[in-house]
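A structural walkthrough
Each chain, letter by letter, is given below.
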Amino acid sequence: MNISTYTVKPKLPPPLKPLEEIARNLWLSWNFDAVQLFIRLDYDVWLQSSQSPVRTLGMVSQERLAEAAKDDSYLAALNEVYSRFLRYKKGETWYRGSRRDVVAYFSMEYGMDVSFPIYSGGLGMLSGDHMKTSSDMGLPLVGIGLLYRQGYFRQYLNADGFQQESYPENDWYNMPVERKTNKNGEPVKITVDLAGRQATAQIWEVKVGRSSLYLLDTNIDENPPDIRNVTATLYGGDKETRIQQEILLGIGGIRALRALGINPAATHMNEGHSAFLGLERIREVMTEKNFTFEEAKEAVWPTNIFTTHTPVPAGNERFDVALMEKYFRTWPHILGISWKDFLSLGRERPYDDNESYCMTILALKLAAYANGVSRLHGEVSREMWKGLWPGLPLNEVPIGHVTNGVHPRTWVSNNMSDLLNRYFGPHFEDEPTDLAIWNRMDRISDEELWRTHERRRERLVAFARDRIRQNLKRNGAVERRIQQAEDALSPYALTLAFARRFATYKRGNLLLRDPERLLRLLKDTERPIQLIFAGKAHPMDMPGKELIRSIVHFAEQHDVESRIIFLENYDMAMAHYLTAGADLWLNTPRRPLEASGTSGMKAAMNGVLNCSILDGWWDEAYNAEVGWAIGQGEEYEDTNLQDEVESKALYDLLEREIIPLFYQRGRDGLPREWIKRMKTCMREIGQSMSSHRMLMDYSNKFYFPALKNYRRILKDDYAESKSLAAYFDKLRKSWDSINILRLNSNAKPVMQRGDSLTVTAVIDLGLLVPEELTVELYHGAMSNQSKEIEHARLAEMKPVGREGNNYLFQVRVECTDTGWQGHTIRILPKHEALVHPYRTGLIKWA
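Here we summarise the structure given alongside this text. (Residues numbered from 1 in each chain as written. Predicted model: local features only at pLDDT ≥ 70, side-chain atom pairs only at ≥ 80, totals over all residues. Heavy atoms only, no water.)

Let us now look at the overall build of the protein chain. Looking only at helices and strands, one finds 30 helices and 29 strands in the protein chain. Seen along its three principal axes, the alpha-carbon backbone of the protein chain occupies a region of about 95 × 70 × 50 Å. Evaluated residue by residue, the protein chain yields a buried proportion of 58% over its 846 residues. Within the protein chain, counting contacts between residues at least 6 apart in sequence, those at least 24 apart form 72% of the total. Just so you have it, the protein chain exposes about 34,900 Å², and 48% of that area is on carbon and sulfur atoms. Taken together, the 107 basic and 112 acidic charged side chains of the protein chain have centroids lying 3 Å from each other. (Helix = DSSP H or I, 4+ residues; strand = E, 2+ residues; numbered from the N terminus. Buried < 20%, exposed > 50% of the residue type's maximum accessible area, 1.4 Å probe, protein only. Contact = heavy atoms within 4.5 Å. Areas by Shrake-Rupley, 256 points an atom, 1.4 Å probe, with all protein chains shown as cover. Lys, Arg positive; Asp, Glu negative; His and termini not counted. Charge placed at Lys NZ, Arg CZ, Asp CG, Glu CD.)

For the pair helix α9 (residues 239–259) and helix α12 (residues 321–328), the least separation of the axes is 11 Å and the interaxial angle reads 45 degrees. With respect to each other, α9 and α12 are oriented oblique. Considering how the two elements wind past one another, α9 and α12 form a crossing that is right-handed. Judged by residue contacts, Lys239, Glu240, Ile243, Gln244, Ile247 and Ile251 of α9 engage Leu323, Met324, Lys326, Tyr327 and Phe328 from α12. Classifying every residue of the contact of α9 with α12 by side-chain character gives seven nonpolar, one polar and three charged. (Axes fitted to C-alpha atoms, helices over the stretch in contact; angles between N-to-C directions. Parallel < 35°, antiparallel > 145°, perpendicular 65-115°, else oblique. Left-handed = near helix turned anticlockwise from the far one by under 90°. Nonpolar A, V, L, I, M, F, W, Y, C, P; charged D, E, K, R; others polar.)

Another point: helix α16 (residues 375–385). Within α16, eight of the 11 residues are buried, which leaves the element mostly enclosed by the surrounding structure. The inward-facing, buried residues of α16 abut β13 (318–319), β14 (357–358), α15 (359–366), β15 (369–372), β16 (400–401) and α26 (618–621).

Counted under the stated rule, the structure contains 70 salt bridges. A salt bridge links glutamate 240 to lysine 326; the nearest nitrogen and oxygen atoms lie 2.4 Å apart. Residue glutamate 240 is located in helix α9, and its partner lysine 326 is located in helix α12; the two are separated by 86 residues in the primary sequence. Take glutamate 240: its relative accessible area is 24%, and that puts it in the partly exposed class. Overall, the relative accessible area of 44% leaves lysine 326 in the partly exposed class. Arginine 451 serves as the salt-bridge partner of glutamate 454, at 3.0 Å between the closest nitrogen and oxygen. In this pair, glutamate 454 and arginine 451 are both assigned in helix α20 (residues 446–474), three residues apart and thus about one turn of the helix distant. (Salt bridge = Lys/Arg side-chain N within 4 Å of Asp/Glu carboxyl O.)

Okay, empty space enclosed by the protein next. Within this structure, the stated rule accounts for five cavities of 30 Å³ or more. Approximately 80 Å³ is the volume found for the largest cavity. Lining the largest cavity are Pro408, Arg409, Phe428, Glu431, Pro432, Asp434, Leu435, Ile437, Trp438, Ser690 and His692. Taken together, the residues that form the lining of the largest cavity break down as six nonpolar, two polar and three charged. (1 Å grid on protein atoms, 1.4 Å probe; cavity = no way out; pocket = protein on both sides within 12 Å on 5 of 7 lines; lining within 4 Å. Points joined across faces, edges and corners; volume = space filled by probe spheres on them.)

Before going further, it helps to spend a moment on the nonpolar core. Counting residues in each nonpolar core, the largest one holds 177 residues, and the members touching the most others are Phe116, Phe276, Leu279, Phe328 and Phe342. With 10 residues, helix α29 (residues 691–715) is the largest single contributor of residues to this core. Sequence-distant contacts of phenylalanine 342, that is, excluding residues within four places in its chain, are made with Leu279, Met324, Phe328, Trp331, Pro332, Leu335, Ile337 and Tyr357. If you look at the next biggest cluster of nonpolar residues, it comprises 99 residues, including Ala499, Leu547, Met572 and Ile685. (Core = buried A, V, L, I, M, F, W, Y, C linked by side-chain atoms within 4.5 Å.)

What follows covers the environment of asparagine 79. Assignment of secondary structure puts asparagine 79 in helix α6 (residues 72–90). In the structure, asparagine 79 is positioned 60 residues away from leucine 19 in sequence and 9.8 Å away in space, judged by C-alpha atoms.

Strand order in this open sheet of six strands is β19-β18-β17-β20-β21-β22, and the pairing throughout is parallel. Each having just a single partner strand, β19 (564–567) and β22 (627–630) make up the two edges of the open sheet. Ignoring strand direction, the axes of neighbouring strands in this sheet form an average angle of 20 degrees. Note that strand β20 (residues 584–587) and strand β21 (residues 609–613) share four bridges and pair parallel. Paired with asparagine 587 across the two strands is serine 612, which belongs to β21. Sitting on the sheet, helix α23 (residues 542–557) touches β18 (529–534) and β19, and the angle it makes with β19 is about 145 degrees. (Pairing = 2+ DSSP bridges.)

Before going further, it helps to spend a moment on the packing of α9 against helix α10 (residues 277–289). Contact geometry for α9 and α10: axes closest at 7 Å, N-to-C directions at 50 degrees. By the criterion of interaxial angle, the relationship of α9 to α10 is oblique. Both α9 and α10 take part in a crossing whose hand is right-handed. Counting all contacts with α9, which are made through Gly250, Ile251, Ile254, Arg255 and Arg258, the residues of α10 involved are Leu277, Glu280, Arg281, Arg283 and Glu284. Per-class residue counts for the contact of α9 with α10 are three nonpolar, one polar and six charged.

Compared with the 27 Å implied by 1.5 Å per residue over 19 residues, the 27 Å span of α6 between its first and last C-alpha is a close match. Those residues of α6 lying buried are Tyr74, Leu75, Leu78, Val81, Arg84, Phe85 and Tyr88. Residues of α6 that are buried sit in contact with α1 (18–23), α2 (32–41), α5 (62–68), α7 (122–137) and α19 (427–430). One side-chain oxygen of the residue at the start of α6 lies 2.9 Å from the amide nitrogen of serine 73, identifying that residue as aspartate 71. (Expected span 1.5 Å × (residues − 1). Polar contact = N/O pair within 3.5 Å; in protein donor to acceptor, adjacent residues only side chain to side chain.)

This next bit is on unusual backbone geometry. Cis geometry marks the peptide bond from arginine 591 to proline 592, where omega comes out at 5 degrees. Positionally, proline 592 belongs in the loop between β20 and α25 (599–605). Even without glycine at this site, asparagine 569 takes up a positive phi of about 60 degrees. Mapping asparagine 569 onto the fold places it in the loop between β19 and α24 (572–581). The backbone of aspartate 717 sits at a positive phi, close to 55 degrees, despite the residue not being glycine. Looking at the element boundaries, aspartate 717 is found in the loop between α29 and α30 (719–734). Aspartate 717 gets classed as partly exposed once you look at its relative accessible area, which sits at 49%.

Pairing is antiparallel across the open sheet formed by seven strands, whose spatial order is β23-β24-β27-β26-β25-β28-β29. Across the chains shown, the open sheet's two edge strands, defined by having one partner strand only, are β23 (739–745) and β29 (844–845). As defined by bridge partners, β23 adjoins strand β24 (residues 756–764) across six bridges and the pair is classed as antiparallel. Each bridged residue has a counterpart across the sheet, and for asparagine 739 the counterpart in β24 is aspartate 764.

Summed over the entire model, instances satisfying the criterion amount to 36 aromatic pairs. Ring centres of phenylalanine 328 and tryptophan 331 lie 6.1 Å apart, and the angle between their planes is 55 degrees; this geometry places the pair in the tilted category. Judged on exposure class, the residue phenylalanine 328 and its partner tryptophan 331 are both buried. Lysine 602 extends its terminal NZ or CZ atom over the ring of tryptophan 411, reaching a point 4.2 Å from the ring centre. Here the guanidinium or amino end of arginine 802 rests over the ring plane of tyrosine 807, the centre of that ring lying 4.2 Å away. (Phe/Tyr/Trp six-rings, centres within 6.5 Å; stacked < 30°, edge-to-face > 60°. Lys NZ or Arg CZ within 6 Å of the ring centre and 35° of its normal.)

Tracing the sequence through the fold places arginine 517 in helix α22 (residues 515–522). Assessed through its relative accessible area of 14%, arginine 517 is described here as buried. Each C-alpha atom of the pair arginine 517 and valine 373 lies 36 Å from the other, and the pair is 144 residues apart in sequence. Setting aside anything within four residues of it in sequence, one finds arginine 517 in contact with Lys648, Tyr651, Asp652 and Glu655.

Have a look at this one:
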């Protein structure tokens, strides 16, 4: 069949032309007055369009558009929004430096807006907020991802409460994406090799305020059906689909930027999915500069950044050797290394033939900068990956942390934003990096804050009732049952929300462990509570699906369906209602399996108090004035005991503290102590967990240093990288010949505070000279348990002379701490171009 194709766009009257530009920029996703423009055109059409501004313009009748074009009230609102949009794009930003070289941010998913479903959960939400915040701050950053034809699945429950999945097709021509074309109007395309077959991808652009996100799409005629399906679904298919997607994301993403004329001077790998980009960047330098693999790797390493999100080894992406051989057998030849050396890049034990290829390890080995996503997760990550740096003390393993944050303008409800705008002033919008603005929370009266929150709870209840009615109708429920949905939930009861991915470690059913105790709380007519659950289980996660069904069955069996509800198809739209309308946000993971979590941050910025296990972000944010902690950070080997102890602790908190505090009302009906906590929560979390704080951390710790490294490397035409590779080649050949012959000190059995400790070492450096190494005194308090030095301090030892062919190094330090002390020395690499000296296998202790 010969089909001619073309694109039809809405015909907007001239006064409404700005609507097209606003609809195609996701700036509107964090500006509700812009969204209202589309709602005002036709509310019914807005709902039918799945809240898509672009689709709404195409569905609204020409008569209605003509009417709006003559409505002075509507045009005034449009002109006000459009003027703000233009001011935003042209305004001054936090970053004011060069934009010639960019940081390329790679992520498998992006949660930008409900109308653009290419996300599944927390990773996507974070990536979306990362892009929005980068726009606010004017950072030289672009995003790279994949354009999924079906995105993630839509969830629905059958009559038995069992999760089912559907995969509706996305209509890109009615979504805020534009295909990139060259000067001849032809689509810009790139190719990648997939096991000897060429896969072609076109590139789409998503405007995110001032920033751009580029998405690769293989669903084009040049590709055979199986290659077209590479970008069909997010996290769908088997391991082969995953490796194809990750080749396209990492290798194809770098090529896409080149094809668009964008120079990725530094790259940020958000999780290990994109780690193959490191290989492509090395290949580029080898080709351009005729470098060896090691020389090119030293050029790329200082400009790569990696963020890990996974706190358990099993959660890291791994591919077996046979699959790697199928897709990468030609790469050792391209890179000029052996097959074993190539595989060693993704292995903790480099030459263990039984170890699979790990994307997280590849990213850690090719990136100078690495971080976890909370303080606790940084500690967990260092413990998990310490084997990559044998001999290095745990606290020095080069994996730091940048705690996640959320984009306030996206997640604070429109009602609450209006209230904050009145008291915070224009500074709140114009300078989002001035986090101290949240200290103005005390200016807001208790009455205004509480009434605003009550309106959001009422809207949540109305939203939930409507969803329940829709679901009952779909499942063929009788009319009487559908009418009962009107009684679901109360707009006045204490509302608890548990909304997140339904994985077993998150323990969505922990509150159901003691049915009698829970039912007593649910059926209390004087101080009622109600529970709202939402979240998707992975399609292959049967235990997760059983958790959902157990909640539905519990409500039915105990006749509390109006007090415990499960809302289907948790997405961004539902998240907005839940995080703004609940009173208490529940989070019950098994510590330390929650890397960070961000939904509780969104709730907190709306004045919703958290009750959570001390895991992820809550471990560092919690204090008694902003919410409640379940336990004190304990970790258990017996999970049944853990569930028993922590469920009882949760019931105790509800019965003794949370419920009484919520219903403690004065004559005016206000829970003033609860409101006091709401204000403290918003003030503290608004500052500490803002994505603007997060991006300032990333910029100062990683982005700016990486860009500086790139410019330095470029300045001398990569001579530094060549020198560094030669240095490490010499170092590895000479390392075993380094010998610490003797260690002397003036330490006595008992020293006095203030005494000087002089330590001298006699070292045979072999073919090396002192300038090529760092010799350090490692000293501090001794542990009675491990007999190791704890909380060590470092002091660099200087060469002070020779003893034959050996070198004397010496340092003097003051005894400042009392107690049992110890010292030793160690040797590390030293080169002016090193971001840090911690390279695998290159540390020697006395």
